[in-house]
Amino acid sequence: MNHEALEALRRGIPVVVSTRRLAYDLKAEFNAQQAALNESVWNTPAVQTWDDWIQRLWSRYSAYASCRCLERSQVQQLLNEIIERDLHLADGEATPGSNALWNTPETAKTALNAWQLCHDWQIPLPALKASENPDHARFWRWANTLQARLKQKNWISPAQTTEQLMAARVRPDPEVVLLGFDSFNALQESFIDYCTEQGTVIRRINGERSRAKQIRRYSFESTNLEWQHIGAWARDKLLQNSHARIGVVTPDIESVRLPASRALREQLNPGYFESDLADPFHFSRGESLAATPLVSSALNCLSLLGELEFKQFSEVFLSGYWGSESEQRLRARAVIDLRRHIAYRFDLFQLIATLSRHLDERAHPEEVQTLLIQKLKTLQSIKAENRGKKDVTGWRVAFSQCLKILGWPAATLNSVEYQALQRWEQVLDEWRALELVCQPMSLQQALLSLNRHCREQVFQARAEHTVPLQIMGVLETAELEFDALWLAGFDEQAWPPPRSVNPFIPIGLQIKAGIPEASLPLQLELDRNVSDRLFTLAE
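Residues numbered from 1 in each chain as written. Predicted model: local features only at pLDDT ≥ 70, side-chain atom pairs only at ≥ 80, totals over all residues. Heavy atoms only, no water.

**Overview of the packing of helix α4 (residues 72-86) against helix α5 (residues 104-120)**
Two quantities define a packed helix pair, namely the angle between the axes and the distance from one axis to the other. We apply this condition: All axes here are fitted lines through C-alpha atoms, helices being fitted over the stretch that makes contact, and every angle between N-to-C directions spans 0 to 180 degrees. Numbering of helices and strands starts at the N terminus; helices are DSSP runs of H or I of at least 4 residues and strands are runs of E of at least 2. Here roughly perpendicular refers to angles of 65 to 115 degrees, roughly parallel to angles under 35, roughly antiparallel to angles over 145, and oblique to all remaining angles. Helix crossings get a hand from a simple test, with the near helix turned counterclockwise from the far one by less than a right angle marking a left-handed crossing and a clockwise turn marking a right-handed one. Should any heavy atoms of two residues lie within 4.5 Å, those residues are considered in contact.
One can describe the packing of α4 onto α5 by two numbers: an axis separation of 8 Å at closest approach and a directional angle of 120 degrees. When the axis of α4 is compared with that of α5, the two are oblique. When you trace α4 past α5, the crossing you get is right-handed. In this structure, α4 uses Arg72, Val75, Gln76, Leu79, Asn80, Ile83 and Glu84 to contact α5, whose residues at the interface are Thr104, Pro105, Thr107, Ala108, Lys109, Ala111, Leu112, Asn113 and Gln116.

Put into structure tokens, the structure is as follows:
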């Protein structure tokens, strides 16, 4: 780990790093160093990412600020409503003459990224007006409407906090160390210049390391075969040195999560399903909260309030996260029995009626069947009581009540599931914060909104960076060190990565601003620098 950065932390100087992964490792290294020096007490090391640093400065200033900084999800909700109105959409349904092909939530997400790019790379909004492209014209309208709405309410978006700090002449830290950055965007460079003008001593550190002494290249017929080979390679390395720090870097970590987990368990933890042993590997990037089994079960349970297809109904009734074991067996049998007696699409009222007629009273205790029917009837009553539109707080209370009635979560939770439950409660509170900026919702709109919000939240269980095998994306490798490293999936399709250009900003403006993804030469230079860095991460 970088000794200059560790020394700065010992002196109490804030170290701003490029990734959360680097922040975690640097804190762990600093704490280990202090323990090795037999120190009994020491200050928490001031390590933070750039965004966390800006947020800390804003928190210091916000007590005196006349404006309020919204959450990113709140700004996205504002954009969603602006876009719906602009495209003549009402209540999520297209009115005559509107374009029903627009996916408004995804459009709002892309527009928010464009809004962020305009601020990060200091692209003036009026410059978009000259474009003849209709998408650019639309975004110009949306951005101007958003800007007017924010100004009217005395709000700012997270993309504007840095500009606001400079406009308010907020005094930054006396000294700051920047570690692990390959490059800075235009706004970051402006803020660094501003800090220097205010008397802050800025030190940029990038560790100088030599290229790995031994590099081998392998070719595999499939992704599964490569990960099986990686598992065997990692097992051999750990047999040679149980304390070895082994890394695997892949350009598309999401697409390989399942095959990689399966192959690595076969090689490193063959008794995984019969034991309580934790995996000896860790994915540095979390998964969508909605994809975790516990939260997926909760969202599926809430789907009972709407219209169901049989596949979705099966997922709800086969879940082991709600109801007693005897009720779970009853529900599993009901899925088989109802397959022949219920329509492809149905609602809660039709489900209750069909269950009442076709459940086999001899196969399961009557009290279990009665309890299940009663639960569903109570849900039906709650649905009837909540007709019409309600604010987000009202729907949060109703949804929590529904899950409690169903007995979710019923299972004894392991550590990861308990962390997912805690994150679910946090996300419900964050979702409730949308009430500040959004109109009252119908039941269907509230269900869609909550599902979308959970999909956009990343859940990372606290398992640990101390496990021997770390699997990470390319951009997370800055300033890390390993005893052995494998670059997985770096074929001609995956690396260099395909360009991702935002469609709402003219490509000429993006190139002029210096956005790497918009310019082939800039992107190629950045990818080459990253490639060179990867070959220095291990000896």
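Resuming the write-up.
**Some words on helix α18 (residues 443-455)**
Using the following cut-off: Expected helix span is given by 1.5 Å per residue-to-residue step, counting one fewer step than there are residues. In this scheme, a residue with accessible area under 20% of its type's maximum is buried, one over 50% is exposed, and one in between is partly exposed, where area comes from a 1.4 Å probe on protein chains only.
For α18, spanning 13 residues, the distance from its first C-alpha to its last is 18 Å, which sits close to the expected 18 Å at 1.5 Å a residue. Within the span of α18, buried status applies to Leu443, Ala446, Leu447, Ser449, Leu450, Arg452, His453 and Cys454.

**A few points about the sheet that holds strand β7 (residues 175-179)**
Quick reminder of the rule: Pairing between strands is defined by DSSP: at least two bridges between them are needed.
Spatially, β2-β1-β7-β8 is the arrangement adopted by the 4 strands of the open sheet, whose pairing is parallel. For this open sheet the edge positions go to β2 (47-49) and β8 (201-205), each flanked by a neighbour on one side alone. Sheet twist, expressed as the mean angle between neighbouring strand axes with direction ignored, is 25 degrees. On top of the sheet, helix α8 (residues 186-197) reaches β7 and β8; it is set at about 135 degrees to β8, its chief contact.

**Some thoughts on the packing of aromatic side chains**
Our working rule: Ring pairs are drawn from Phe, Tyr and Trp, using the six-membered ring of Trp, whenever the two centres fall within 6.5 Å, and their geometry is named by plane angle: stacked under 30 degrees, edge-to-face over 60, tilted for the rest.
Counted by the stated rule, this structure contains 23 aromatic pairs. On the basis of an interplanar angle of 45 degrees and a centroid distance of 4.5 Å, the ring pair of Phe313 and Phe317 is categorised as tilted. Remark: Phe317 and Phe313 occur in helix α12 (residues 310-317); sequence separation between them is 4 residues, near one turn of the helix. Relative accessible area serves as the criterion here: at 0%, Phe313 is assigned to the buried category. Here Phe317 falls in the buried class, since its relative accessible area comes to 0%. Aromatic pair Trp395 and Phe399: ring centres 5.8 Å apart, planes at 25 degrees, arrangement stacked. Residue Trp395 and its partner Phe399 are located together in helix α16 (residues 392-406), separated by 4 residues, close to a single helical turn.

**Description of a nonpolar patch on the surface**
Applicable threshold: Patch criteria: residues need more than 30% relative accessible area and no salt bridge. Like-charged residues are merged within 9 Å; nonpolar side chains of Val, Leu, Ile, Met, Phe, Trp and Tyr are merged within 5 Å. The accessible surface values rely on the Shrake-Rupley method and a 1.4 Å probe; as for residues, cover is taken only from the protein chains in view. Salt bridges, as used here, are contacts in which a Lys or Arg side-chain nitrogen is within 4 Å of a carboxyl oxygen on Asp or Glu.
On the surface, Val501, Ile507 and Ile511 cluster together into a nonpolar patch covering about 220 Å² of accessible area. You can see Ile507 is positioned in helix α19 (residues 507-513).

**Some remarks on the pairing of β8**
The pairing of β7 with β8 spans 5 bridges and is classified as parallel. Bridged to Leu178 within β8 is Arg204.

**Concerning the environment of Gly508**
Positionally, Gly508 belongs in helix α19. The class for Gly508 is partly exposed, based on a relative accessible area of 45%. When the C-alpha positions of Gly508 and Gly286 are compared, they lie 35 Å apart, and in sequence the two are 222 residues distant.

**Observations concerning unusual backbone geometry**
Geometrically, the link from Trp408 to Pro409 is a cis peptide bond, its omega value of -5 degrees lying close to zero. Its place among the elements puts Pro409 in the loop between α16 and α17 (415-432). Non-glycine residue Asn154 carries a positive phi angle of around 65 degrees. Looking at Asn154, the relative accessible area reads 38%, which means it is partly exposed. Of note in the backbone geometry, Arg169 takes a positive phi value of approximately 55 degrees without being a glycine.

**Let's talk about the confidence of the model for the protein**
Detailed reading of the predicted coordinates is not advisable wherever pLDDT is low. Keep this limit in mind: As a per-residue measure, pLDDT reflects the predictor's confidence and takes values from 0 up to 100.
Looking at the protein as a whole, its pLDDT mean stands at 87, while 94% of the residues score no less than 70. Looking at the elements of the protein, mean pLDDT is at its lowest for strand β4 (residues 89-90), recorded as 44, and at its highest for α8, recorded as 96. Here residues 89-98 scores under 50 on pLDDT; set against residues more than four positions off or in separate chains, the count is 13 contacts.

**Details of the nonpolar core**
Inclusion rule: Residue types Ala, Val, Leu, Ile, Met, Phe, Trp, Tyr and Cys, when buried and joined through side-chain atoms within 4.5 Å, form a set referred to as a nonpolar core.
Of all hydrophobic cores here, the largest spans 58 residues; its most connected members are Phe317, Leu351, Phe399 and Trp424. At the level of elements, α11 (293-302), α12, α13 (325-338), α14 (348-358), α15 (366-385), α16, α17 and α18 are the ones that each hand at least two residues to this core. If one sorts the elements of this core by residue count, α16 sits on top with 7 residues. Residues Leu125, Phe139, Val437 and Ile505 belong to the second largest nonpolar core, which totals 31 residues.

**Observations concerning the environment of Ser255**
Filter applied, for reference: Here a polar contact is taken to be a pair of N or O atoms separated by no more than 3.5 Å, where protein atoms must pair a possible hydrogen donor with a possible acceptor and residues adjacent in sequence count only if both atoms sit in side chains.
Within the secondary structure, Ser255 is located in helix α10 (residues 253-268). Of note is the side chain of Ser255, whose polar atom sits 2.9 Å from the side chain of Asp252.

**With respect to α17**
Between its first and last C-alpha, α17 extends 26 Å over 18 residues, near the 26 Å set by a 1.5 Å rise per residue. Among the residues making up α17, those that are buried are Glu417, Gln419, Ala420, Leu421, Arg423, Trp424, Val427, Leu428 and Trp431. On its buried side, α17 packs onto α11, α16, α18 and β14 (458-459). Two or three places before Val416, at the start of α17, stands the capping residue Asn414, its side-chain oxygen 3.2 Å from that residue's backbone nitrogen.

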